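Structure assessment
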Amino acid sequence: MQKLQGIPVSPGIAIGEAMVMDNEGFRIPRRFVARDAVDEELDRLAKAIAAASAEIASHRDAIAQELGEKYAAIFDAHLQMLQDARLRSELEEMIRHRHYSPEYAVSRTLRHYSQVFQRLDSAHLAERAADIFDIEKRLLRHLLGHRREGIAHLTSPVLVLAHNLTPSETANLDRHFVLGFVTEIGGPSSHTAIVAEALEIPAIVGTGPFLADVSGGELVIIDGDKGFVILQPDEETLAHYRHKVEANLSAAVLLEALRDLPATTADGVQISLYGNIEFPYEVTHCVNRGAEGIGLYRTEFLYLGSEIEPTEEVHYQAYSQVLQAMGDKPVIIRTFDLGADKVPHLPQPEDERNPCLGLRSIRLALRHLPMFRTQLRAILRASVLGNLQIMFPLITTLLELRQAKMVLADVMEDLDEHGIDFNRDLPIGMMVEVPAAVIMIDRFVEEVDFLSIGTNDLIQYTLAVDRSNKDVVGLYNPADPAVLRLIAMAIDAAKKKPVPITMCGQMSGNPNYTMLLLGLGLRQFSVAPAALPEIKNICRRVTLADCKEVTNRVATMENARDITNYLREELKRRVPGFGNA
Ligand code: PEP
Ligand code: MG
């Protein structure tokens, strides 16, 4: 048994067979081969080495001709490594005596070699690790050949274990068969994590390297509550987790009873709870858990889930589905927030070194006007079907907001000219997720109908921490006093105007912050559907007086760690039995 710690990003327990994906997103087959297949497998290895060598030799010759022998030497080094007798005999030994599959033997051996290079204290040698990695990939490509398959065609339930999953790969996961996933890289608020919540499957990111230790078909447990991945669990651990699955089911049933009760605090303050969605099907999850509206529809997943840009009709159908399911309840449709880690099949800006600071979100929309206008037309057409509100993401300057509104007004005019019906009084809001927007919030409130705080990005930009990078995860903290001050400023400005303000970042669905946010004056939360019952449970069990006390105390603290510890303790103290409904 082996237990790894990662960052839990979607709760729950999953127990099942592993499906291992290599770095390029292809399945790595099982670890073992049948005893009588050993000769065949050795032959497969020999052929793969020969094919990979021929490929490298031909690249070598092409480069020698174009750039000269000096540059071709890089390939000579690769060829030498690939044909090294020691490597060959190690691989053969693993297949012949341990009955490892050639793919597994290649991965394991070459990863071990590359770790040796990485451990040596030399930048130059560490770079050689990349060469070894390259050889591993090349050999695997030849070994897997036409058997390379993505994760799109599954036929039985699996736990996906991968180096990385992009938001589009996650968006395409088959939700009927994927029971949970783990990635070696990724941070707590990455969009991959957000999709896991949408799929309502346990997920863990940022475990660090472990794929070399696991093989397809092995039994794995994902503990999405604590962030543990357990490989080849023993009987006792398995029994413990099976029991937990049962207990979670009972807790969920208890929380379900809250569905039709209001989210009113114990002293009678009305709180509104909305749901965040990425896909139209999630609207059912929201309705089933008593959401009072959709506070954030991340429409960019329409682009990420498809090979081609969605047409106006595709947009329209998706929005209609959501609006019809929600009846007269508000539905906030956010215009596409592409870029950074959410990259569709658009031409990529060359050499984008800081994608989070680059052409993303509303900036991208304002540069790709035909694409933006297509979406706006669909949103406007759908606006007559229900209580639709539109929201622009990542607004940083007033000029940007005005430009976005101008494009919207222009599309409205266009629809008018063609006699197409839409809601002229459609409420227009903006996300507050850049510190600059908070600093100028008194001006912004004059020009919008509502605000929504996107803490995922607000934290990233305030603390200068990439939200999807596991190496700086310790620095990414919603409880940082600087972040809390910005949140307080936004809420205060919204109240003063007044315009409605929601929070739709992950922070609003984290029970540790509910009391603090209520104390800061937040009255509207938009959270992943699965988090709705728990947040409602807390709202109903605390008084505003309690919450204000908590907020005042937090205001005296200077660092995120103290605040986090304090909030955790307060939640336990003021909501005894928290988690048991
Ligand atoms: C946010 O930044 O908090 C947010 C809700 O938007 P996204 O996570 O899609 O960037
Ligand atoms: Mg955001």
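Residues numbered from 1 in each chain as written. Chains lettered and ligands numbered in written order. Predicted model: local features only at pLDDT ≥ 70, side-chain atom pairs only at ≥ 80, totals over all residues. Heavy atoms only, no water.

Here the chain is partitioned into domain 1 (2-27 + 153-250), domain 2 (35-147) and domain 3 (267-574). Put simply, the middle of domain 1 and the middle of domain 3, counted by C-alpha atoms, are 27 Å apart. With 22 residues of domain 1 at the interface, the matching set in domain 3 holds 24 residues. Summed over both partners, the interface of domain 1 with domain 3 comes to about 2000 Å²; 58% of that surface belongs to carbon and sulfur atoms. Run the count over domain 1 and domain 3 and you get one salt bridge. For Arg 289, the salt bridge goes to Glu 200, with nearest N and O atoms at 2.6 Å. On inspection of domain 1 and its partner domain 3, the count reaches seven residue pairs in polar contact (both at pLDDT 80 or more). Of all the elements in the fold, those that place two or more residues in the side of domain 1 that touches domain 3 are helix H6 (167-171) and helix H7 (191-199). Ranked by residues supplied to the side of domain 1 that touches domain 3, first place goes to H7 with six residues. Of the residues contributing to the side of domain 1 that touches domain 3, the split by class is nine nonpolar, nine polar and four charged. (Domains from an automatic or database assignment. Contact = heavy atoms within 4.5 Å. Buried area = accessible area lost by both parts, 1.4 Å probe. Salt bridge = Lys/Arg side-chain N within 4 Å of Asp/Glu carboxyl O. Polar contact = N/O pair within 3.5 Å; in protein donor to acceptor, adjacent residues only side chain to side chain. Helix = DSSP H or I, 4+ residues; strand = E, 2+ residues; numbered from the N terminus. Nonpolar A, V, L, I, M, F, W, Y, C, P; charged D, E, K, R; others polar.)

Our focus in this paragraph is the site of ligand 1. Around ligand 1 sit 16 residues, and of these Arg 298, Arg 334, Glu 433, Asn 456 and Arg 467 come closest. Within the contact set of ligand 1, an oxygen atom lies 2.7 Å away from a side-chain nitrogen or oxygen of Arg 298. Contact distances for ligand 1 include 2.8 Å between an oxygen atom and a side-chain N or O atom of Arg 334. Of all elements in the fold, only H7, strand S12 (294-298) and helix H17 (455-463) reach the threshold of two or more residues within the shell around ligand 1. Considering every element that reaches the shell around ligand 1, the biggest residue donor is H17, with three residues. The class makeup of the residues in the shell around ligand 1 is four nonpolar, five polar and seven charged. (Near = heavy atom within 4 Å.)

Let us now look at the coordination of the magnesium ion (ligand 2). Protein-derived ligands of the magnesium ion (ligand 2) are Glu 433 (OE) and Asp 457 (OD), with the metal-ligand distances lying across 2.0 to 2.2 Å. Here the residue Glu 433 occupies a position in the loop between strand S15 (428-432) and helix H15 (435-439), and Asp 457 occupies one in helix H17, the gap between them amounting to 24 residues. On the accessibility criterion, Asp 457 (2% relative accessible area) is buried. (Donors = N, O, S within 2.8 Å, 3.2 Å for Na, K, Ca; no water. Buried < 20%, exposed > 50% of the residue type's maximum accessible area, 1.4 Å probe, protein only.)

Before going further, it helps to spend a moment on helix H8 (residues 235-256). With 22 residues, H8 extends 32 Å from end C-alpha to end C-alpha; this agrees with the ideal 32 Å at 1.5 Å per step. Of all the positions in H8, only Thr 237, Leu 238, Tyr 241, Lys 244, Ala 251 and Leu 255 are classed as buried. When H8 is viewed along its axis, its buried side chains cluster within an angular range of 135° and face the same direction. Turned more than 90 degrees from where H8 packs its buried face, Glu 235, Glu 236, His 243, Leu 249 and Val 253 sit exposed. Elements that come into contact with the buried residues of H8 comprise strand S3 (13-21), strand S8 (219-223), strand S9 (228-231) and helix H20 (532-541). (Expected span 1.5 Å × (residues − 1). Arc of directions from axis to C-beta.)

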